[in-house]
Amino acid sequence: MNPNQKIRVATVWLSGCSGCHMSFLDQDERLIDLAKKISLVYSPFADIKEFPKDVTITLIEGAVANEEQKELLKTVRSRTTVLVSLGDCAVTGNVAALRNGLPHSDQAVLERAYKDPANLQSQIPAQVPKLLTHARPLHEIVKVDHYIPGCPPSADLINYMLTELLAGRTPTMEGHSKYG
Amino acid sequence: MNQHTMKLKIDGIEVECVEGSTILTAAKAIGINIPTLCYLDGLTPYGGCRLCLVEVSGTSKLFPACATPVASGMEVTTQSPKLYEYRKMVLQTLLAERTHICAVCIANDHCELQAIANQHGVDHVFYERNWSSNKIDSTHNFLVIDPNRCILCTRCVRVCDELEGVHTLDLKFRGKNTDVIMDQDEPWVKACSCTSCRKCAKVCPVGAIYIEGENIEYTKDPDVAAFIVERRKRLK
């Protein structure tokens with residue numbers, strides 16, 4: 001790899017609370033060093049509509065809860081070399097998956113959110129992407145290369161993962177991570 | 001009466017122990033730590049969680065250290081890449097079986113399952129998770145059981161039977177349908193044999209049995225079983 005060339009990195013936000021992205025920002029001054037090495041080509045922090053091609057590292061926050069996210073995840077996988085599950089929702093489903101135990105959970109949550117609380121003309125929006133029956137962790141849909149567990153994962157852990165990957169090493173979570 | 005002593009090797013170290021000891025206690029005596037979940041000092045071994053599996057030379061079968069008596073000349077391996085992988089697998093099946101969502105669990109950071117998973121570098125669950133939704137029983141005055149977090153280690157069942165002596169708790173059904181029940185599968189408040197002693201909550205390794213409104217850090221006291229056994233010796 002040409003050392004002068006910046007590494008193309010992306011971050012994606014699926015069904016999560018954005019806490020993992022906040023934790024990413026909590027890397028604070030280390031972000032300056034990071035910015036020298038990477039170019040952020042797609043992220044909630046950058047206003048880019050299309051997921052670009054030839055991305056080296058992509059961190060994904062959140063579970064896969066609807067059809068649109070499932071498609072996006074597949075696109076990301078096909079355009080990314082190293083895919084990292086960022087945080088518990090991406091790794092386990094976490095809070096987004098709390099609904100999974102309910103019978104017909106996709107319908108049940110929509111009714112709870114849009115029908116039950118409204119007392120006038122309640123309706124479930126039809127123009128939004130269809131919910132999957134289960135909110136699922138990323139690795140149940142595509143191949144995931146690395147996992148950063150935590151709710152949210154600490155900035156140190158995110159920084160450790162990125163530093164190792166950028167240096168071309170294989171990070172291990174043993175002794176670093178906290179499940180859940 | 002003279003008790004027979006036996007000599008065996010654990011991880012290459014020679015150990016001498018009395019007949020009837022288990023591999024686990026023999027290993028502990030020489031400072032070798034074998035991970036356990038269902039085992040608890042003071043209670044009868046159950047051998048259910050399979051975390052303490054060890055290798056014994058001469059056979060390809062793995063043995064649960066907590067429930068396997070020592071034998072003369074035995075050569076035991078407690079740590080190997082194979083065992084590490086098996087233990088990791090066991091941990092992942094436990095995490096996949098029910099709805100273990102640490103972020104919303106009362107025992108987050110005070111959970112034996114989570115702690116051992118961390119020691120083994122479990123950063124995700126490989127198996128597709130079995131999403132279940134079991135009814136929480138909060139009918140008791142202050143004790144709550146959430147079967148969604150239960151790993152069926154039966155520590156609560158054994159402490160209730162063996163130490164409190166009332167056997168309120170037991171299991172029903174088999175396999176993945178197994179559940180902890182009170183008396184004849186009644187709501188906890190109607191289980192009249194329950195003395196509300198709290199030992200079940202103290203020994204629960206996860207967040208399945210807890211005390212309403214109490215910080216789980218103060219509830220948990222897994223050493224209580226060994227403590228009671230020790231103190232009862234004075235009665236004899």
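Here, every reference points to the structure presented above.
What counts, and where the lines are drawn
Residues numbered from 1 in each chain as written. Chains lettered and ligands numbered in written order. Predicted model: local features only at pLDDT ≥ 70, side-chain atom pairs only at ≥ 80, totals over all residues. Heavy atoms only, no water. Helix = DSSP H or I, 4+ residues; strand = E, 2+ residues; numbered from the N terminus. Rg over C-alpha atoms; globule rule 2.2 N^0.38 Å. Buried < 20%, exposed > 50% of the residue type's maximum accessible area, 1.4 Å probe, protein only. Areas by Shrake-Rupley, 256 points an atom, 1.4 Å probe, with all protein chains shown as cover. Lys, Arg positive; Asp, Glu negative; His and termini not counted. Charge placed at Lys NZ, Arg CZ, Asp CG, Glu CD. Salt bridge = Lys/Arg side-chain N within 4 Å of Asp/Glu carboxyl O. Core = buried A, V, L, I, M, F, W, Y, C linked by side-chain atoms within 4.5 Å. Domains from an automatic or database assignment. Contact = heavy atoms within 4.5 Å. Patch = residues over 30% accessible without salt bridge, like charges linked within 9 Å, V, L, I, M, F, W, Y side chains within 5 Å. Pairing = 2+ DSSP bridges. Axes fitted to C-alpha atoms, helices over the stretch in contact; angles between N-to-C directions. Expected span 1.5 Å × (residues − 1).

### Examining the overall build of chain B
Part 1 of the reasoning: What chain B contains, in helices and strands, is seven helices and nine strands.
Part 2 of the reasoning: Here chain B has a C-alpha radius of gyration of 19 Å; the compact-globule value for 236 residues is 18 Å, and the two agree.
Part 3 of the reasoning: C-alpha atoms of chain B, sized along the principal axes, occupy 55 × 50 × 30 Å.
Part 4 of the reasoning: A burial count over chain B gives 50% of its 236 residues as buried.
Part 5 of the reasoning: For chain B, the accessible surface area stands at approximately 11900 Å², while carbon and sulfur atoms represent 50% of it.
Part 6 of the reasoning: Of the charged side chains in chain B, 27 are positive and 29 negative, and the gap between their average positions amounts to 2 Å.

### Section: the pattern of salt bridges
Part 1 of the reasoning: Taken as a whole, this structure holds 16 salt bridges over all chains when the rule is applied.
Part 2 of the reasoning: A salt bridge links Asp33 of chain A to Lys36 of chain A; its shortest N-O distance comes to 3.8 Å. Of the two residues, Asp33 of chain A and Lys36 of chain A are both situated in helix 2 (residues 30-37); the distance of three residues between them amounts to about one turn of the helix.
Part 3 of the reasoning: Its salt-bridge partner being Glu112 of chain B, residue Arg155 of chain B comes within 2.8 Å of it at the nearest N-O pair. Residue Arg155 of chain B is located in helix 4 (residues 155-163), and its partner Glu112 of chain B is located in helix 3 (residues 112-119); the two are separated by 43 residues in the primary sequence.
Part 4 of the reasoning: For Arg155 of chain B, a relative accessible area of 2% corresponds to the buried category.
Part 5 of the reasoning: Each member of the salt-bridge network shares a partner with another, and the members are Arg77, Lys143 and Asp145 of chain A.

### Things to note about the nonpolar core
All names here are of chain B.
Part 1 of the reasoning: By size, the foremost hydrophobic cluster in this structure holds 44 residues, and its most contacted members are Leu37, Leu113, Leu169, Trp188 and Ile209.
Part 2 of the reasoning: For this core, the secondary structure elements donating two or more residues are helix 2 (81-97), helix 3, strand 6 (143-145), helix 4, strand 8 (179-182), helix 5 (199-203) and strand 9 (209-211).
Part 3 of the reasoning: Tallying contributions element by element places helix 2 first for this core, with five residues.
Part 4 of the reasoning: When residues of this core are assigned to domains, at least three map to each of domain 1 (5-79) and domain 2 (98-235).
Part 5 of the reasoning: Other than its neighbours up to four places away in sequence, Ile209 contacts Val144, Ile145, Cys156, Trp188, Cys200, Ala201, Cys204 and Lys220.

### With respect to a nonpolar patch on the surface
Part 1 of the reasoning: A cluster of nonpolar side chains, Met22, Leu25 and Phe45 of chain A, forms an exposed patch at the surface whose accessible area comes to about 260 Å².
Part 2 of the reasoning: The residue Leu25 of chain A is located in helix 1 (residues 19-25) in this model.

### Side note on the sheet that holds strand 1 (residues 5-10) of chain B
Neighbouring strands of a sheet are bound in pairs by backbone hydrogen bonds; such pairs are parallel or else antiparallel.
All names here are of chain B.
Part 1 of the reasoning: Taking strand neighbours across the sheet as the criterion, the five strands line up as 2-1-5-3-4 in an open arrangement whose pairing is mixed. Each edge of the open sheet carries a strand with a single partner, namely strand 2 (13-18) and strand 4 (62-64). Across the sheet, the mean angle from the axis of one strand to that of its neighbour is 40°, orientation sign disregarded.
Part 2 of the reasoning: Note that strand 3 (residues 53-56) and strand 4 share three bridges and pair antiparallel. The partner of Val54 across the bridge, within strand 4, is Phe63.
Part 3 of the reasoning: Sitting on the sheet, helix 2 is in contact with strand 3, strand 4 and strand 5 (75-77), with an inclination near 155° to strand 3.

### What to know about the environment of Ala108 of chain A
Residue and element names in this part refer to chain A.
Part 1 of the reasoning: On the secondary structure map, Ala108 appears in helix 5 (residues 105-115).
Part 2 of the reasoning: For Ala108 and Thr133, which are 25 residues apart along the polypeptide, the C-alpha to C-alpha distance reads 10.0 Å.
Part 3 of the reasoning: When near neighbours in sequence (up to four residues on either side) are disregarded, Ala108 contacts Leu102 and Pro103.

### Some words on helix 2 of chain B
Residues that lie three or four places apart on an α-helix share one face, since the helix turns once every 3.6 residues.
Residues and elements named next belong to chain B.
Part 1 of the reasoning: Between its terminal C-alpha atoms helix 2 stretches 24 Å, which fits the 24 Å expected from 17 residues at 1.5 Å a residue.
Part 2 of the reasoning: Looking at helix 2, one finds that the buried residues are Leu83, Arg87, Lys88, Val90, Leu91, Gln92, Leu94, Leu95 and Ala96.
Part 3 of the reasoning: In this structure, the buried residues of helix 2 make contact with strand 3, strand 4, strand 5 and helix 3.

### Observations concerning helix 6 (residues 155-166) of chain A
Residues and elements named next belong to chain A.
Part 1 of the reasoning: For helix 6, with twelve residues, the first-to-last C-alpha span of 16 Å sits near the 16 Å given by 1.5 Å per residue.
Part 2 of the reasoning: Counting buried positions along helix 6 yields ten of twelve residues, so the element is predominantly enclosed.
Part 3 of the reasoning: Burial in helix 6 covers these residues: Ala155, Leu157, Ile158, Asn159, Tyr160, Met161, Leu162, Glu164, Leu165 and Leu166.

Geometric values such as these leave the question of function open.
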